[in-house]
Amino acid sequence: MNGTQFLFQLLRIVAGYILAVIACGLFLAWGFFRGTHPEADPVAFGAMFGTGLVGASVVGATVLIPAGVLIAVAEAARLRALVFHVAAGGALAFAVWTLGGGGGAEGVRPGSAVALAAGFIAGTVYWAVAGRHSGSWLAKPRTAGSEGTGGSGPTHGG
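Residues numbered from 1 in each chain as written. Predicted model: local features only at pLDDT ≥ 70, side-chain atom pairs only at ≥ 80, totals over all residues. Heavy atoms only, no water.

1. Here's the deal with the packing of helix α1 (residues 3-33) against helix α3 (residues 64-76)
Heads up, the rule is: Note on definitions: angles span 0 to 180 degrees between N-to-C directions of axes, and those axes are lines fitted to C-alpha atoms, for helices only across the stretch in contact. Under the scheme used here, helices are H or I runs from DSSP no shorter than 4 residues and strands are E runs no shorter than 2 residues, and both carry numbers assigned from the N terminus. Throughout, the term roughly parallel applies to angles under 35 degrees, roughly antiparallel to angles over 145, roughly perpendicular to angles from 65 to 115, and oblique to all others. Take the far helix as your reference; a near helix turned counterclockwise from it by less than a right angle gives a left-handed crossing, and one turned clockwise gives a right-handed crossing. Residues count as neighbours in contact if any of their non-hydrogen atoms are within 4.5 Å of one another. Residue type decides the class: Asp, Glu, Lys and Arg count as charged, Ala, Val, Leu, Ile, Met, Phe, Trp, Tyr, Cys and Pro as nonpolar, and the leftover types, Gly among them, as polar.
At their nearest, the axes of α1 and α3 sit 12 Å apart, and the two run at 140° to each other. Regarding the angle of α1 to α3, the classification is oblique. As for how α1 packs across α3, the hand of that crossing is right-handed. Contacts from Gln9, Ile13 and Tyr17 in α1 reach Leu64, Ala67, Ile71 and Glu75 in α3. Of the residues assigned to the contact of α1 with α3, the class counts are five nonpolar, one polar and one charged.

So, in structure tokens, the structure goes:
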């Protein structure tokens, strides 16, 4: 284990999580409220932006534990694939959106596509900041050629 790389990865994880949650909150605000262009109505755009930041704090608090588990799994298993992080973000967003729905609703809850897309965006942002370095602080796995003396392969007595 490399301590310096571990410290830098912890900083990347925190920054990646914060930026991913902000991106998710801003996309949710834009997706649900569809504010106009800033030049057309700057007050509505500012309200949408503020709502997005407040929404980001709510999203961040809601998914902290499950996202932490997914991050720990990605770090331990060295999962650096973009597909994993995007799928994990989407699945987490969809699960929170579905579980937060009202009782007795038939079919897919309205707004599910926006919530799913927000999760995909959050997963992509997290991957760009921290996910592509998952497990970089762990010791390198030994390969078959690295055993023995001097890396020349196993020595045989004889």
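2. Some points on α3
Keep this limit in mind: Expected span of a helix, by definition, is 1.5 Å for each gap between consecutive residues, and there is one gap fewer than residues.
Over its 13 residues, α3 runs 18 Å from end to end, which matches the ideal 18 Å to within 8%, given 1.5 Å per residue. For α3, the elements touching its buried residues are α1, α4 (82-99) and α5 (112-129). Positive phi appears at Arg78, one or two residues downstream of α3, with a value of about 55°.

3. Describing the environment of Phe84
Along the chain, the position of Phe84 falls in helix α4. Apart from residues lying up to four places away in sequence, Phe84 is in contact with Leu70, Ala74 and Leu79.

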